Amino acid sequence: MDIYRDAILDHYKHPRNFGALPSPTHTAEEYNATCGDRMRIEVLVQDGKTEPIVADIRFSGEGCAISQASASMLTERVLRRPVSEVLRLSPQYVFDMLGASLTPSRVKCALLPLEVLQKAVLKEKTLETAERSGVA
Amino acid sequence: MFDAAVIRKDFPMLSRPADGKGLVYLDSTATSLKPAAVLQAMDEYYTTYGANVFRGIYSISERATAAYEGARGDVARFIHARDTREVVFTRNTDESISLIYYAWALPALGRGDGVVTTMLEHHANFVPWLELRRVKGIDLMFWEPDETGLLPIDALETLVSKKTKLVALTAASNVLGTLPPIGEIVKRVKRINPGCIVLVDAAQAAPHMPLDVSAWGADIVAFSAHKMLGPTGIGVLWGRHEFLEGLPPFTFGGDMIKEVHRDRAVYQDVPHRFEAGTPYIAGAIGLGAAVRYLEHLGMEDVRRHEMDITAYALKKLQAVDGVTVYGPRDPKDRGGVVAFRLEGIHPHDVAQVLDDDRICVRVGFHCAQPLHECLHIGPTVRASFYIYTTEADIDALIQGLLRVQETFR
């Protein structure tokens, strides 16, 4: 029962950063039709010392213990990290973070939060860039 | 009446305790386990007379042809078809329905024509009609179940009209277990519009209860071998002979042709018109063996056993705190399948923990997402039963669920 190790159950039962932000700069949502999971991530990106960072983050939605724990752990880890670093995170990073041996059918659940997070910061970033270049 | 505990010995997968823990297989609605008799029949073909059918003028090919056509006869007898030619071998239920879509519905139906389907359907009998609406502009109407999953029969009076060309419905829901009264429904439909075609998805009915396509009075019935003890990869399309005879081929090539010239081809009569290329010979032979196995048990008794085990499962499940069961309340109104939710725990997590005890259940939408949306519920856990399911399997499930609750408490 390696998959539901204590850390995962703890994050599932007591999710960190669960909820919504008053005024997020970046948001994304995904729906996984095979398991009916819904995940929304809201991010407040602010300028850091050298580059934009994740100043605050919240996730919400419904899903299995793996997707919820993955979101909880991930949001904890990326808080105050540069956006560029978030975009470079790999699936392996998530697997290592969870530290559980996932069965093939659960890989999707584990990766959903990273997918949503990267979609959020990537999508809005592109938009921002477009707006900026529009002004220029 | 057969004894499920004895029958289990016929199933290699049940008689092989891999790591001390026996398999608790509660996913027969997805696919059934196979008895040794089926595997042996297929093996015998491959090891002693594995020649192609129809063409060889030598004894093992003739034997293969006889076995392949014999299986067709077995199926025809099993479903009480009037004519063996009404049985077409396909890959599965989905392909049987898709065959009707391409060979009949797509060319024949169009704007102004009505199609009625139900919200109980598996995607195999739902998506083709969505697609037909998209490409041909037919009027698609949905027959909605009540909150217990039963289809109110009087709704047919408003759904079906002279414009209705097709009513496509399931004989047994793969989620709720609902058993629409097909014979009565066909009668009602034909009374309103005698020309309306009725297509029945019997994937979850053929394995579990006596089936009489002639008594039903429907035009098309589809089902798969692998849910009724047979191999994966072979299914059945039964069609009323006059109806099938009017359809063009769905696939082209060998065996479906009578003669071919530079300027024209003459197609075979049914059923071979729809069976282009070398068919799944061993699969048909396996299906024949499966049918004979079921006939030996007696389909009335198969149904009785499943009703008993379903009643037991419903009683036990409802006694577990936090379990919500969906579908008809009375086991007489449902097949051997129970969909449920465990309060506060995602179905995937339920199945994952159950798997530690080698308990196999299905979770998700079970290829019936519109039904889950119609009932306003998320994904469900589904336990389904068959001839080899015992009360001990149900008890193991209940114990497993308590352990799931313990894990996520």
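Model, not experiment: these values are computed from the prediction.

Undergrad: Outline the interface of chain A and chain B, supporting the account with residue identities and numerical values.
TA: Residue-level contacts link 19 residues of chain A with 15 residues of chain B. Connecting chain A to chain B are one salt bridge. Between Asp349(B) and Arg106(A) there is a salt bridge; the shortest N-O distance is 3.0 Å. Across the contact surface, chain A and chain B share 10 residue pairs in polar contact (both at pLDDT 80 or more). Per-element accounting of the side of chain A that touches chain B gives the leading share, three residues, to helix α1 (residues 6-13) of chain A. The class makeup of the residues in the side of chain A that touches chain B is 12 nonpolar, four polar and three charged.

Undergrad: Before we move on, can you summarise the sheet that holds strand β8 (residues 235-239) of chain B with the specific residues and values?
TA: Residues and elements named next belong to chain B. With respect to topology, seven strands assemble into an open sheet ordered β2-β8-β7-β6-β5-β3-β4, the strand pairing being mixed. Edge strands, defined here as strands with exactly one partner in the open sheet, are β2 (87-90) and β4 (139-143). Recorded for the sheet is a direction-independent mean angle of 20° between the axes of neighbouring strands. Note: strand β3 (residues 114-118) against β4, five bridges, orientation parallel. Bridge pairing links Val-115 to Leu-140 in β4.

Undergrad: Provide a residue-level description of the packing of aromatic side chains, including the pertinent values.
TA: To describe a pair of aromatic rings, you give the distance between the ring centres and the angle between the ring planes. Residues and elements named next belong to chain B. Following the criterion strictly, the structure yields 16 aromatic pairs over all chains and no others. Summarising the aromatic geometry, the rings of Tyr-101 and Tyr-102 are spaced 4.9 Å apart at their centres and angled 90° between planes, so their arrangement reads as edge-to-face. Overall, the relative accessible area of 48% leaves Tyr-102 in the partly exposed class. The side chain of Arg-63 reaches across the aromatic face of Tyr-49, ending 3.8 Å from its centre.

Undergrad: Help me get a handle on the pairing of β8(B), residues and values and all.
TA: Residues and elements named next belong to chain B. Counting buried positions along β8 yields five of five residues, so the element is predominantly enclosed. Burial along β8 is two-sided: the face carrying Gly-235, Leu-237 and Gly-239 and the face carrying Val-236 and Trp-238 are both buried. In the sheet, β2 pairs with β8 via four bridges, with the strands oriented antiparallel. Its bridge partner being in β8, Phe-89 is matched across the sheet by Val-236. For strand β7 (residues 220-224) and β8, the ladder comprises five bridges, and the chain directions are antiparallel. Of the residues in β8, the one forming a bridge with Ala-222 is Leu-237.

Undergrad: Run through the domain arrangement of chain B, naming residues and quoting values.
TA: Residue and element names in this part refer to chain B. Assigned domains of chain B: these are domain 1 (4-30 + 298-408) and domain 2 (40-295). Computed over C-alpha atoms only, the centres of domain 1 and domain 2 are separated by 28 Å. Considering only the side of domain 1, the residues that lose the most area to domain 2 are Met-299, Leu-371 and Tyr-386, jointly responsible for 23% of the buried surface there. Our count for the contact surface shared by domain 1 and domain 2 stands at zero salt bridges. On inspection of domain 1 and its partner domain 2, the count reaches 16 residue pairs in polar contact (both at pLDDT 80 or more).

Undergrad: Which residues make up the sheet that holds strand β11 (residues 323-325) of chain B, and what values go with them?
TA: Residues and elements named next belong to chain B. Spatially, β11-β12-β15-β14 is the arrangement adopted by the four strands of the open sheet, whose pairing is antiparallel. Across the chains shown, the open sheet's two edge strands, defined by having one partner strand only, are β11 and β14 (362-364). When strand polarity is set aside, the average angle formed by the axes of neighbouring strands in this sheet is 30°. Sheet topology places β11 next to strand β12 (residues 337-342); three bridges connect them, and they run antiparallel. Within the sheet, the bridge partner assigned to Thr-324 lies in β12 and is Arg-341.

Undergrad: Mind laying out α1(A), listing which residues take part and the relevant values?
TA: Turning to α1(A), its buried residues are Ile8(A), Leu9(A), His11(A) and Tyr12(A). For α1(A), the buried positions fall inside an angular range of 165° around the axis, keeping them on one side. Against α2 (65-78) and α4 (91-98) of chain A together with α12 (347-355) and α14 (391-408) of chain B lie the buried residues of α1(A).

Undergrad: Please give an account of the nonpolar core that cites residues and values.
TA: Ile79(B), Ile387(B) and Tyr388(B) are the most contacted members of the largest nonpolar core, which has 83 residues in total. With 11 residues, the single largest contributor to this core is helix α10 (residues 281-297) of chain B. When residues are assigned to domains, this core turns out to be shared by domain 1 (4-30 + 298-408) and domain 2 (40-295) of chain B, each giving three or more. Once you skip the residues sitting within four places of it in the chain, Ile79(B) turns out to touch Val87(B), Leu211(B), Asp212(B), Val213(B), Phe223(B) and Trp238(B). Ranked by size, the runner-up nonpolar core spans 67 residues in total, among them Val45(A), Ile57(A), Ala69(A) and Phe408(B).

Undergrad: Can you lay out the environment of Gly183(B) for me, pointing to particular residues and giving the numbers?
TA: If you trace the backbone, Gly183(B) turns up in helix α7 (residues 182-192). It is 9.9 Å that separates the C-alpha atoms of Gly183(B) and Ala171(B), two residues lying 12 residues apart in sequence.

Undergrad: Outline the pattern of salt bridges, supporting the account with residue identities and numerical values.
TA: Residue and element names in this part refer to chain B. All told, the structure shown has 35 salt bridges over all chains when counted by the stated rule. One salt bridge in this structure joins Asp-27 and Arg-382, with 3.3 Å as the shortest N-O distance. One end of the pair, Asp-27, is in the loop between β1 (24-25) and α2 (36-48); the other, Arg-382, is in strand β15 (residues 380-384), with 355 residues separating them in the sequence. Each member of the pair, Asp-27 as well as Arg-382, is classed as buried. In this structure, Lys-190 engages Asp-219 in a salt bridge whose closest nitrogen and oxygen atoms are separated by 2.7 Å. A residue pair is termed long-range when its members are at least 10 positions apart, and Lys-190 in helix α7 and Asp-219 in the loop between α8 (213-216) and β7 qualify at 29 residues. A relative accessible area of 22% places Lys-190 in the partly exposed class. Several salt bridges converge on common partners, so that one network encompasses Asp-74, Arg-77, Arg-292 and Glu-295.

So, how was this worked out
Residues numbered from 1 in each chain as written. Chains lettered and ligands numbered in written order. Predicted model: local features only at pLDDT ≥ 70, side-chain atom pairs only at ≥ 80, totals over all residues. Heavy atoms only, no water. Contact = heavy atoms within 4.5 Å. Salt bridge = Lys/Arg side-chain N within 4 Å of Asp/Glu carboxyl O. Polar contact = N/O pair within 3.5 Å; in protein donor to acceptor, adjacent residues only side chain to side chain. Helix = DSSP H or I, 4+ residues; strand = E, 2+ residues; numbered from the N terminus. Nonpolar A, V, L, I, M, F, W, Y, C, P; charged D, E, K, R; others polar. Pairing = 2+ DSSP bridges. Axes fitted to C-alpha atoms, helices over the stretch in contact; angles between N-to-C directions. Phe/Tyr/Trp six-rings, centres within 6.5 Å; stacked < 30°, edge-to-face > 60°. Buried < 20%, exposed > 50% of the residue type's maximum accessible area, 1.4 Å probe, protein only. Lys NZ or Arg CZ within 6 Å of the ring centre and 35° of its normal. Domains from an automatic or database assignment. Buried area = accessible area lost by both parts, 1.4 Å probe. Arc of directions from axis to C-beta. Core = buried A, V, L, I, M, F, W, Y, C linked by side-chain atoms within 4.5 Å.

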